Amino acid sequence: MSLATKLRRVRKSPPEGWDLIEPTLEQFEAKMREAETEPHEGKRKTEINWPIFRIHHQRSRYIYDLYYKQETISRELYDFCLLAKLADANLIAKWKKQGYENLCCLRCVQTRDSNFGTNCVCRVPKSKLDAEKVIECIHCGCRGCSG
């Protein structure tokens, strides 16, 4: 869905400062469209959605950083972005908690999605993993977001 369509769904005009972040969000939309139309022959069933998860994470992290770290956008614009679903509010809520600052996606902390009722393998600290073995999360392709 295009950025213009998402804005029309909100039925409010964008607040002040929108023109600063709009070009970057348009770039994320273009990347998302490209990832959605990319052919998936030769990929495993779980690998098909990985690029979409990564772009979703990057877009949410961009808005999060602008509001919480750099403090360059207003609360009004931040709320508008969450209302228009340009950023994932639940993922941002996790990023604000200690230990989840670098979380890749919400599926990695949901215990119902794993075989043994635990977190995803990407949540295991790298110091406790074998150095030679490359481990990727089956949900989003993350190689370790716990630090």
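Here is what the cut-offs are and how they apply
- Residues numbered from 1 in each chain as written.
- Predicted model: local features only at pLDDT ≥ 70, side-chain atom pairs only at ≥ 80, totals over all residues.
- Heavy atoms only, no water.
- Helix = DSSP H or I, 4+ residues; strand = E, 2+ residues; numbered from the N terminus.
- Buried < 20%, exposed > 50% of the residue type's maximum accessible area, 1.4 Å probe, protein only.
- Contact = heavy atoms within 4.5 Å.
- Areas by Shrake-Rupley, 256 points an atom, 1.4 Å probe, with all protein chains shown as cover.
- Lys, Arg positive; Asp, Glu negative; His and termini not counted.
- Charge placed at Lys NZ, Arg CZ, Asp CG, Glu CD.
- Disulfide = S-S within 2.5 Å.
- Polar contact = N/O pair within 3.5 Å; in protein donor to acceptor, adjacent residues only side chain to side chain.
- Expected span 1.5 Å × (residues − 1).
- Axes fitted to C-alpha atoms, helices over the stretch in contact; angles between N-to-C directions.
- Parallel < 35°, antiparallel > 145°, perpendicular 65-115°, else oblique.
- Salt bridge = Lys/Arg side-chain N within 4 Å of Asp/Glu carboxyl O.

**Some details on the overall build of the protein chain**
(1) Moving on: The secondary structure content of the protein chain amounts to five helices and zero strands.
(2) Moving on: Overall size of the protein chain, expressed as C-alpha extent along the three principal axes, is 50 × 40 × 25 Å.
(3) Moving on: In the protein chain, which comprises 147 residues, the share counted as buried stands at 34%.
(4) Moving on: In the protein chain, the proportion of contacts linking residues at least 24 apart, taken out of those at least 6 apart, comes to 52%.
(5) Moving on: Total accessible area on the protein chain is roughly 9500 Å²; 50% of this is exposed by carbon and sulfur atoms.
(6) Moving on: Of the side chains in the protein chain, 26 bear a positive and 20 a negative charge, and the two mean positions are spaced by 6 Å.

**Describing the state of the cysteines**
(1) Moving on: For the structure on display, the rule yields zero disulfides.
(2) Moving on: For C104, which is in no disulfide, the shortest distance to another cysteine sulfur is to C140 and amounts to 3.4 Å.

**A few points about the environment of N119**
(1) Moving on: In this fold, N119 is placed in the segment after α5 (89–95).
(2) Moving on: Here N119 falls in the partly exposed class, since its relative accessible area comes to 36%.
(3) Moving on: When neighbours within four sequence positions are excluded, N119 is seen to be in contact with C108, V109 and T111.

**Considering the side chain of R61**
(1) Moving on: Here R61 is to be found in helix α3 (residues 50–69).
(2) Moving on: Judged by relative accessible area, which is 17%, R61 ranks as buried.
(3) Moving on: Within polar-contact distance, the side chain of R61 engages the backbone oxygen of E101 at 2.3 Å.
(4) Moving on: Look past the residues within four positions of R61 in its chain and what remains in contact with it is W95, E101 and N102.

**What to know about α3**
(1) Moving on: Given a rise of 1.5 Å per residue, 20 residues ought to cover 28 Å, and the 26 Å separating the end C-alpha atoms of α3 matches this to within 8%.
(2) Moving on: Three or more residues of α3 are buried, namely W50, P51, I55, H57, R59, S60, R61, I63, Y64, L66 and Y67.
(3) Moving on: Where α3 is buried, its residues contact α1 (3–10), α2 (18–37), α4 (75–83) and α5.
(4) Moving on: Immediately beyond the C-terminal end of α3, within one or two residues, lies E71, with a positive phi of roughly 55°.

**What about the packing of α2 against α3?**
Axes are the key here: two packed helices are described by the angle between their axes and the distance separating the axes.
(1) Moving on: One way to put it is that α2 packs onto α3 with a least axis distance of 9 Å and a crossing angle of 170°. It follows that α2 is roughly antiparallel to α3 by the angle criterion. Here L20, I21, T24, L25, F28, E29, K31, M32, A35 and E36 of α2 lie close against α3, whose contacting residues are P51, I52, I55, H56, Q58, R59, Y62, I63 and L66.

**As for the pattern of salt bridges**
Opposite charge on two side chains makes pairing possible when the charged atoms of those side chains draw close.
(1) Moving on: Considering all chains together, one arrives at five salt bridges under this definition.
(2) Moving on: Among the ionic pairs, D65 bridges to R61, the shortest N-O distance being 4.0 Å. Of the two residues, D65 and R61 both sit in helix α3, four residues apart, roughly one turn of that helix.
(3) Moving on: In this structure, the salt-bridge partner of D79 is R75, at a minimum N-O distance of 3.3 Å. Taken together, the positions of D79 and R75, both in helix α4 and four residues apart, correspond to about one turn of that helix.
(4) Moving on: On the accessibility criterion, D79 (35% relative accessible area) is partly exposed.

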